[in-house]
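Below are the chains, spelled out letter by letter.
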Amino acid sequence: MVKAIVGANWGDEGKGKITDMLGQESDIVVRFQGGSNAGHTIINKYGKFALHLLPSGVFYEHTTCIIGNGVALNIPYLFEEVKSLTDRGVPEPKLLVSDRAQIMMPYHILFDQYEEERLGGKSFGSTKSGIAPFYSDKYAKIGFQVSELFDEESLKEKIERVCEAKNVILEHMYHKPLINTEELYNTLIEYREMVKPYVCDVSAYLYEAIKEGKNILLEGQLGALKDPDFGIYPMVTSSSTLAAYGAIGAGIAPYEIKEIIAAAKAYSSAVGAGEFVSEIFGEEADELRKRGGDGGEFGATTGRPRRMGWFDAVATRYGCRMQGATQVALTVLDVLGYLKELPVCVGYEVDGVVTKDFPTTVKLAKAKPVYVKLPGWNQEIRGITKYEELPENCRKYIEFIEKEIGIPVTMVSNGPGRDEIIYR
Ligand code: GDP
């Protein structure tokens, strides 16, 4: 049975923790998109970890972790990440890498930096992990698949061909050092040696695993509103963040995905630029940022302070719909215990008309939030394990959100730890 865990918002919904929990009952966990540009935070018996490229199943000895073909594969980064775990006592993960995954080239990372520099104040707020140049090249058909590392002649020839164009841009547009193709070839051969033991025809592997009835978890990165088609374009990421893409980025039949768990955060947060209708500022935002997540809302990859806002039911309903969510995990609810009143954004006013539908970016830029205020519960809810034991106003908040988004909230997360979860 295949399940997907994905984000209903802008990312950082606490998917890592939910994945880690679901990983317990998964034979296989697959990353199907994105790269090392975002992070999951996981707290378990080994300590606190920020994972960027490895699937969250790495902490279980019974789990095989897969880097699917849809991922931007930064090979040295992957193995550094493995080492950072084993150095801290985590057993060597069982890892497989798709032979069709494409390789993050050193120049992708440089191009990402150079382009942000060139754009100056008009930049996209990239994490500079090379993601946009990587996916641009993939679709321009000048990317390198893992499988290509194993044919030296054609690899050499392709490096020459691709770098010819890259070097023109480096010289004349960015005025930066050119790529030395021989050095690049040697680097790729080093990459090949690192990745060799893990290379696998992943789609064939998963096909068999599905036939054998294995539990497979597809792990999404970021959230629906960062999807290049359905998100807040152009302030999005470069690969699809939707569960539907899980089928492509892992290489399985779409109808095999039976459950889609969308993680939604009990308030809003976002990193980087882009429209954010229910955003709050000043002291109100600082307070929530300070209390948010586990030790404050700062990016797991970049350390950047996250932008904060009230729960946005318009964006979350849309996010759940685009994900095809069959259930919702509502996370970080414990953080809100200090508030007397909780505004929930239930509509957007665009040109004097109130809508509950999430608009395209041009209209979104004009949207003003319409709030309903719910009473707070003014109480610590960490440690509570039964839904009925939550304060009444807290339950009302959850049930209000559930009604607005129209998908059952089956899990409520009331703390960063693996066991801090209430099932309904
Ligand atoms: P992801 O990218 O969706 O995995 O999100 P992150 O893991 O980067 O961000 C979520 C942050 O919130 C991390 O610091 C988690 O440890 C923390 N977190 C997750 N669930 C909860 C929760 O229910 N309560 C609190 N207080 N923190 C949580």
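Residues numbered from 1 in each chain as written. Predicted model: local features only at pLDDT ≥ 70, side-chain atom pairs only at ≥ 80, totals over all residues. Heavy atoms only, no water.

Thoughts on the overall build of the protein
No. 1: Across its full length, the protein holds 12 helices and 21 strands.
No. 2: Viewed in the frame of its principal axes, the protein has a C-alpha envelope of about 70 × 50 × 40 Å.
No. 3: When each of the 424 residues of the protein is scored for burial, the buried share is 57%.
No. 4: Of the roughly 17800 Å² of accessible surface on the protein, a fraction of 52% belongs to carbon and sulfur atoms. (Helix = DSSP H or I, 4+ residues; strand = E, 2+ residues; numbered from the N terminus. Buried < 20%, exposed > 50% of the residue type's maximum accessible area, 1.4 Å probe, protein only. Areas by Shrake-Rupley, 256 points an atom, 1.4 Å probe, with all protein chains shown as cover.)

Remarks on the site of the ligand
No. 1: Around the ligand sit 19 residues, and of these Lys 15, Gly 16, His 40, Asp 334 and Ser 413 come closest.
No. 2: At 2.7 Å from an oxygen atom of the ligand is found a main-chain nitrogen or oxygen belonging to Gly 16.
No. 3: A distance of 3.1 Å separates an oxygen atom of the ligand from a polar atom in the backbone of Val 332.
No. 4: Contact with the protein chains removes 97% of the 580 Å² of surface that the ligand exposes when unbound.
No. 5: Mapped by element, the contributors of at least two residues to the shell around the ligand are helix H1 (15-23) and strand S3 (40-44).
No. 6: Each residue belonging to the shell around the ligand can be placed in one class, and the counts come to 3 nonpolar, 9 polar and 7 charged.
No. 7: When residues are assigned to domains, the shell around the ligand turns out to be shared by domain 1 (2-99 + 198-261) and domain 3 (264-423), each giving three or more. (Near = heavy atom within 4 Å. Polar contact = N/O pair within 3.5 Å; in protein donor to acceptor, adjacent residues only side chain to side chain. Nonpolar A, V, L, I, M, F, W, Y, C, P; charged D, E, K, R; others polar. Domains from an automatic or database assignment.)

A look at the packing of aromatic side chains
No. 1: Overall, the coordinates contain 12 aromatic pairs when judged by the stated rule.
No. 2: Geometrically, the ring pair formed by Trp 377 and Tyr 397 is tilted, given 5.6 Å between the ring centres and 55 degrees between the ring planes. Taken as a pair, Trp 377 in the loop between strand S19 (368-375) and helix H12 (392-405) and Tyr 397 in helix H12 lie far apart in primary sequence, 20 residues in all. Taken as a pair, Trp 377 and Tyr 397 share a single burial class, namely buried.
No. 3: A connected cluster of aromatic rings, assembled from ring pairs, spans Tyr 107, Phe 111, Tyr 114 and Tyr 174.
No. 4: A cation over an aromatic ring shows up here: Lys 156 above the ring of Tyr 185, its NZ or CZ 4.7 Å from the ring centre.
No. 5: If you follow Lys 166 out to its NZ or CZ, it ends over the ring of Phe 111, 5.4 Å from the centre. (Phe/Tyr/Trp six-rings, centres within 6.5 Å; stacked < 30°, edge-to-face > 60°. Lys NZ or Arg CZ within 6 Å of the ring centre and 35° of its normal.)

Looking at the domain arrangement of the protein
No. 1: We note that the domain assignment places domain 1 (2-99 + 198-261), domain 2 (102-195) and domain 3 (264-423) within the protein.
No. 2: Summarising the inter-unit geometry, the C-alpha centres of domain 1 and domain 2 are found 24 Å apart.
No. 3: Counting residues at the interface gives 25 residues for domain 1, matched by 21 residues for domain 2.
No. 4: Where domain 1 abuts domain 2, roughly 1800 Å² becomes buried across the two surfaces, and 64% of that area is made up of carbon and sulfur atoms.
No. 5: Per-residue buried area on domain 1 facing domain 2 is highest for Asn 37, Ile 75 and Ser 238; these three make up 27% of the total on that side. (Contact = heavy atoms within 4.5 Å. Buried area = accessible area lost by both parts, 1.4 Å probe.)

Examining a nonpolar patch on the surface
No. 1: The grouping of Val 168, Ile 169 and Met 173 at the surface amounts to a nonpolar patch, some 240 Å² of accessible area in total.
No. 2: Tracing the chain through its elements places Met 173 in helix H5 (residues 152-174).
No. 3: Residue Met 173 is classed as partly exposed on the basis of its relative accessible area of 41%. (Patch = residues over 30% accessible without salt bridge, like charges linked within 9 Å, V, L, I, M, F, W, Y side chains within 5 Å. Salt bridge = Lys/Arg side-chain N within 4 Å of Asp/Glu carboxyl O.)

As for helix H2 (residues 75-86)
No. 1: Between its first and last C-alpha atoms H2 spans 17 Å; for 12 residues at 1.5 Å apiece the expected length is 16 Å, and the two agree.
No. 2: Burial in H2 covers these residues: Ile 75, Leu 78, Phe 79, Glu 81, Val 82 and Leu 85. Burial along H2 is one-sided: seen end-on, the buried residues are contained in an arc of 155 degrees.
No. 3: In this structure, the buried side of H2 is in contact with strand S4 (47-51), strand S5 (64-67), strand S6 (72-73), strand S7 (94-98), strand S8 (102-103) and helix H6 (181-195).
No. 4: Here H2 starts with a cap whose side-chain oxygen sits 3.2 Å from the backbone nitrogen of Tyr 77, and that cap is Asn 74. (Expected span 1.5 Å × (residues − 1). Arc of directions from axis to C-beta.)

Overview of the environment of Ala 209
No. 1: Looking at where Ala 209 falls in the secondary structure, it is placed in helix H7 (residues 202-211).
No. 2: Discounting chain neighbours no more than four positions away, the residues touching Ala 209 are Ile 28, Lys 214 and Ile 216.

Some details on the packing of H2 against H6
No. 1: The N-to-C vectors of H2 and H6 enclose an angle of 40 degrees; their axes lie 9 Å apart at closest approach. If you check the angle between H2 and H6, you find them oblique. In this structure, H2 crosses over H6, and the sense of that crossing is left-handed. Residues Ile 75, Pro 76 and Phe 79 of H2 form the contact with H6, whose own contacting residues are Tyr 191, Met 194 and Val 195.
No. 2: Split by residue class, the contact of H2 with H6 holds 6 nonpolar, no polar and no charged. (Axes fitted to C-alpha atoms, helices over the stretch in contact; angles between N-to-C directions. Parallel < 35°, antiparallel > 145°, perpendicular 65-115°, else oblique. Left-handed = near helix turned anticlockwise from the far one by under 90°.)

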